Amino acid sequence: MIPELGHFSLILALMVAGSIGFFGLAGGHTGKTAWLAYNKPASRMLWVLIVFSFLCLLWAFQQNDFSVAYVANQSHTLMPPLYRLSASWGGHEGSLLLWLFMLTSWMTALTFYSKQLPERMLARSLGVLALICVGFLLFTLLTSSPFTRLLQPALEGRGLNPMLQDPGLIFHPPLLYMGYVGFSVPFAFAISALLSGHMDSGWARWSRPWTLAAWIFLTVGIALGSYWAYYELGWGGWWFWDPVENASFMPWLIGTALLHSLAITEQRGLFKNWTLILAITSFSLSLLGTFLVRSGVLTSVHAFAADPSRGIFILTFLAVVVGASLVLYALRAKQITSNADLALVSKETLLLANNVLLSTSMASVFLGTLYPLIVDAMQLGKLSVGPPYFNAVFVPLMIPIFILIGFVPVMRWKQDSFARIFKQVLLPLAASVVLGISLPFLFDHWSLMVAVGLACATWIILTAAQSIVQRHKKTNKGNRLPLSFYGMHLAHIGLAITTVGITLVMAYETENDLRMEINQTTQAAGYEIKFLGVTEIQGPNYTAQKGKFEVTKNQQFVEFLEPEKRQYVNSGMPMTEAAIDSGFTRDVYVSLGSLLTDQKNPAWSVRVYYKPFVNWIWWGTLLMAIGGISSMLDKRYRKKKLAQIQVANSTLSNTPTYSVGASSGT
C-alpha cells in the first residue's frame, strides 16, 4: 500500500508541476495577480509531494519490501540500515527520484529567498523549473518508476553493488545532484529574462548567488567522488577521465565561466550574450550528463542504466530543452544591447579571455567524451579516448588560464595600462619563476611540467597575497573589505593548491605490484612496509581477509595498515578495501590482492603506492568551496535594496531600462 501511495504522489506532483508551468508563464506574461500568487504555495506543495514519495521509497527499503522490483534489485536483508538508506538512490529509478527532490528543493528555496525578485520574473522562473520537473516526472512515471511491483515477490534481494556499499554513496550523489540541478535556477532566470525581452544587469545580480550555490555543491560533489574512487577502487586513482566523470566536469567548467561572466554583466553591463548562452549551456550539459549516465551508451562503474528506450526519452527531452532555449535566444538576440565600451587593457577583457579559454577547455573534454560514442553509433569501429588525449589537449589550455588568474587582482575595470600592470606584478612574477624552477630540485628528478605547474600555482598564491595586503593598506580602519573579495582569493588559492597536488602526485608517485610472503618487507620512497599476515573476519554481509602491514621509516614506527579483500554474500563479488596512511605531504597506500600459493607457504599479491601531496588535491577543492561560501555570505546578497527592486520592477513592467550597478570584489 505504501509504494502505491508513493506512485500516486508522483502523479499528483505531475499535475501540480504542470499547473505551475502554465500559471507561472501565463502569469508572468499577463501580470494577473491571482496567477502570480498561485506559484509560490504550489511550488511548496510540489516539494511536499516529492518528499512524501521519497519517504515511501525509504520505507520500502527499511522494511525490505522485496515485492517492489527496485528494492529487490538494490537491497538485501543483511545490508546495514545506513546502506539500505543510500541504496534508495543507488540505482537508476531511485536516483531520478533524488533528482526530482533536488529540483523541487531548489524551487522551494527560490520561493523563500526571492523577496528581492519582481513577481513576474519569479513566476516565469518557477514556471520554467516546473516544466523541467514535468519532463523528469514523465520520465519517471513512464519508464523508471521505483514503485513497480513484482508479480511474484522475491524471497531475498540481490543487494546493492558492493562498490557502492560505502559512506561515499550517502554524500556524493546528493551533493553532485544539488550542483547539477542547481544550474537549472540560472537557466530559469535566463529564460525568464529572454521571455520578458528585458535583459539588463538586474537578472545577473539575482542569478549570481544561485549560480554560486550550485557551483559550490558541484565542486564538493566532484571532489568527494574523486576521493571516494581513490580509496575505494584499490589502485589509488583519483581521476580517470571516465566519460561519466567528464559529464560532471563539463558543467563545472562552464559554471565557472558563468560566474565570471555574471560578475561582468552585473558590474559593467557587458557580455550579456555570453552570460545568457553560458546559463543555457551549463544546465544543458547537466542534462547531457543525465543522458550519458542513464542511456546505456556508456559502460562505466558510474553508469546507472542500460535501457536504450530511457536514453531516447532523455535525448528527446534534452533536444527540446536546448532547442527551445536556443530558438528563444535567437529571437531575442537583437534586443540584447550594451552601452559600455570594452577597452583592450582592462579587467573585462581579461575575464572575457578567461571565459573563452574555459569554454574551449570544456569543448576539448566534450569532444574527447562524445567522439568515441559518435564513431560507435555510426558503426565506424570502436575508439577509446583516454588520459593521453586529455593530458595533451586539456592541460595546455589550463596554463594560460592560470596566468590570467594572477592578473585579475591587479587589473582595473574600464581601462588600465601595461606599464602599471607590469609594475604591480613584477615581484610575484619573478618570485614564481624562480620558485617554479627551484622547487623540483627538492624531489627525485627535475621536470619541466613540474616546474611549470609549481610556477603557475606560486604565481596565483603570490598575486592573491599581494592583492590582499595592498587592499588592506588602502582600506580605512573603520571599513571592511567585502566577503566576496576574500572568497575570490580563497577560491583561486584553492585552485593553486589543487594544482600543486595534481602536479606532484602525477610526477613523483611510485607503484609496486608485489608478491609478498609473511614477514617480508618492501620499500616505497624511504618507507619500509612489512607484511605481518592475514586474518579472517566476518562483516554484516560479507567475509573478508584482513591483511596487516607495519609501516616504519628510519626504523621508527609510523602506522599499522590493514587492507581487506572482501567477498559479499549476495553477489559473490570480491572487493578490495585499501588501507591508507595519510600525511600532510604524502600517502602510503596498500591494497591486498589474491592468495597466490597454498596455505602451507602463503604469498599474496600486494600493491604499494607512495602518493606525494595527493591530499592537496582535495584540500584545494575544499578551499575553493569555502571561497564560494564566503562570496555567498557577502552582504550584497543578503540585504534587500529597495531602489534595486524598484528598478527591476519598472524594467519588467515595460518601462525604460537601465543597468543596476554594484560594487564587486571580483
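Here the residue numbering is sequential within each chain, running from 1 through the sequence in written order. Note on the predicted model: pLDDT of at least 70 is required for a residue's local features to be given, and 80 or more for side-chain atom pairs to be given and counted; whole-chain, interface and lining totals, by contrast, use all residues. To obtain the side-chain values, all non-hydrogen atoms of the structure were used and water was disregarded.

Attention shifts here to the nonpolar core. By convention a nonpolar core is built from buried Ala, Val, Leu, Ile, Met, Phe, Trp, Tyr and Cys residues, the set being connected through side-chain atoms within 4.5 Å. Relative accessibility thresholds used throughout: buried, under 20% of the residue-type maximum; exposed, over 50%; partly exposed, between the two (1.4 Å probe, protein chains only). If you look at the biggest cluster of nonpolar residues, it comprises 167 residues, and the most contacted ones within it are Phe136, Phe189 and Trp203. Helix numbering and strand numbering both begin at the N terminus, where a helix is a DSSP run of H or I of at least 4 residues and a strand a DSSP run of E of at least 2. With 15 residues, helix 9 (residues 202–232) is the largest single contributor of residues to this core. Dropping the residues within four chain positions of it, phenylalanine 189 is found in contact with Leu110, Leu117, Met121, Ser125, Trp203, Trp206, Ser207 and Trp210. Counting residues in hydrophobic clusters, the runner-up holds 16 residues, among them Ala524, Phe531, Val551 and Leu592. Here, two residues are considered to be in contact whenever any of their heavy atoms come within 4.5 Å of each other.

Let us now look at unusual backbone geometry. Residues apart from glycine generally show negative phi values, whereas peptide bonds are mostly found in trans. Backbone geometry at tryptophan 241 places phi at a positive 55 degrees, although glycine is not the residue there. By secondary structure assignment, the location of tryptophan 241 is in the loop between helix 9 and helix 10 (243–268). Here the phi dihedral of asparagine 554 falls at roughly 55 degrees; this positive angle occurs in a residue that is not glycine. The residue asparagine 554 is located in the loop between strand 4 (542–553) and strand 5 (556–561) in this model. What makes asparagine 554 exposed here is its relative accessible area of 62%.

This part is about the packing of aromatic side chains. In this scheme Phe, Tyr and Trp rings, the latter by its six-membered ring, pair at centre separations within 6.5 Å, and the angle between planes marks the pair as stacked below 30 degrees, edge-to-face above 60, and tilted otherwise. Counted under the stated rule, the structure contains 43 aromatic pairs. Both rings, one in tyrosine 230 and one in tyrosine 589, keep their centres 5.2 Å apart while their planes meet at 55 degrees; by these two values the pair is tilted. In this pair, tyrosine 230 sits in helix 9 while tyrosine 589 sits in strand 9 (residues 586–595), placing the two residues 359 residues apart along the sequence. For tyrosine 589, a relative accessible area of 0% gives the class buried. Judged by centre distance (6.0 Å) and plane angle (90 degrees), the rings of tryptophan 239 and tryptophan 241 are edge-to-face. Tryptophan 241 carries the same exposure label as tryptophan 239, and that label is buried. One aromatic cluster in this structure is built from Trp215, Trp239, Trp241, Phe249, Trp252, Tyr389, Phe390 and Phe394. Positioned over the ring face of tryptophan 35 is lysine 32, at 4.5 Å from the centre of the ring. Working rule: Lys NZ or Arg CZ, within 6 Å of ring centre, within 35 degrees of ring normal, means a charge sits over the ring.

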